[in-house]
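Each chain, letter by letter, is given below.
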Amino acid sequence: MKRARSGGSLSRGATALLVLCFATQMVTGANGASVPGNGENSETDDNDLGAGHEAGKAYHKAQVQVIPAKEITPIQDLTTTTTTTTTTTTLAPVAPVEISVTIKKVEVSVIYESHCPFSRRFMYGQLYPTYQKMKDFMNLTILPFGKARIDNVSAEHPHITCQHGSNECTGNMMETCVLHVAQETITAVKILACMSSNSQPHLAGPKCVEGTSVKWTEVQKCVDEHGTQYIVEVAKQTWSLQSYVARVPLIIMDGMKDNYVEYYAQKDFFRLLCEHVPYEEYDQTPCSASLGRRRRRRR
């Protein structure tokens, strides 16, 4: 084994010892001085634990560098707001649909005389009560002329002759003017039925218009100013339907004027009228409730 040279460089052990001592001096601030404990007379700062006593020469007050905190940017609220848009669609109001139903009405023409007993009985006993029920299902034409005659029709003042005398001619004019003055057919039929129920129809007018919209003064004015003119017009209408009138009342229904119509019109005008109502409209009329099944017409 070789021996270490004397007077040469320091051995490795000595070198390590010197380094250790130097490091200790750097930490404690004194050669070989020990760190005093936390005794009764020692002042210890929580932030300077083991830094040495303030009275000691090697005391160094710890330097604390305060690093300002960076300004913290608050986290923005990332809540997403969802806006819901509700679209309300307003529909335009739908106009009601109107359904027009056309009813084929029975055409009825009545040729009569104001003073004829049979005509009068038909007016108040058959026509008026039937028209009250069936006015929506018939077109009614009333011609108060009958078997009267007119001489010189084209003359300014023609001569009129009636079967039951001059009072009947006056009554015919009055009842014709009632038809002109009354605004509703049902009102006119009511007044004519009332006048016919009186034995002197030409005198019953003022009483019969009471309670209606017709004023007798207007009827009388019509007779005085237009009576003859209107009677001539009624005569022409009568002759266009029947050139020669043999008997009254003459009832014409849908152009028919035979013995069957004439007989049953005076016996049961309501039933006769129901027989002329079209089949498809029969159930809509008072006929169905009053008569039930349609009675077949006898020929």
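Note that the coordinates shown come from a computational prediction; the quantities given were computed from them, not determined experimentally. (Residues numbered from 1 in each chain as written. Predicted model: local features only at pLDDT ≥ 70, side-chain atom pairs only at ≥ 80, totals over all residues. Heavy atoms only, no water.)

What's the story with helix α4 (residues 185-196) in this structure? I'm lost.
For the α-helix, the turn length of 3.6 residues means that residues three or four positions removed from each other point alike. With 12 residues, α4 should reach 16 Å at 1.5 Å per residue; the first-to-last C-alpha distance of 16 Å fits that figure. Listing the buried residues of α4 in full gives Thr187, Ala188, Val189, Ile191, Leu192, Ala193, Met195 and Ser196. Tucked into the core, α4 has its buried residues touching β1 (106-112), α2 (117-134), β2 (138-144), α3 (166-181), α5 (201-208) and α6 (216-241). (Helix = DSSP H or I, 4+ residues; strand = E, 2+ residues; numbered from the N terminus. Expected span 1.5 Å × (residues − 1). Buried < 20%, exposed > 50% of the residue type's maximum accessible area, 1.4 Å probe, protein only. Contact = heavy atoms within 4.5 Å.)

So what exactly am I meant to see when it comes to the confidence of the model for the protein here?
Do not read the fine detail of predicted coordinates wherever pLDDT is low. Residues of the protein with pLDDT of at least 70 account for 64%, and the chain-wide mean is 80. Segment residues 1-9 is flagged for pLDDT under 50; beyond a separation of four residues in sequence, or across chains, it makes 0 contacts in the model. In this model, residues 30-59 is a region of pLDDT below 50 whose contacts with residues beyond four sequence positions or in other chains number 21 contacts. (pLDDT = per-residue confidence, 0-100.)

Please clarify how the pattern of salt bridges should be interpreted in this entry.
A side chain with one charge may pair with a side chain of the opposite charge, provided their charged atoms come close. Overall, the coordinates contain 4 salt bridges when judged by the stated rule. The salt bridge partner of Lys135 is Asp136, with a shortest N-O separation of 3.6 Å. As a salt-bridge pair, Arg247 and Glu262 come within 2.5 Å of each other at their nearest N and O atoms. In this pair, Arg247 sits in the loop between α6 and β5 (250-253) while Glu262 sits in helix α7 (residues 259-276), placing the two residues 15 residues apart along the sequence. Since its relative accessible area comes to 43%, Arg247 is described here as partly exposed. (Salt bridge = Lys/Arg side-chain N within 4 Å of Asp/Glu carboxyl O.)

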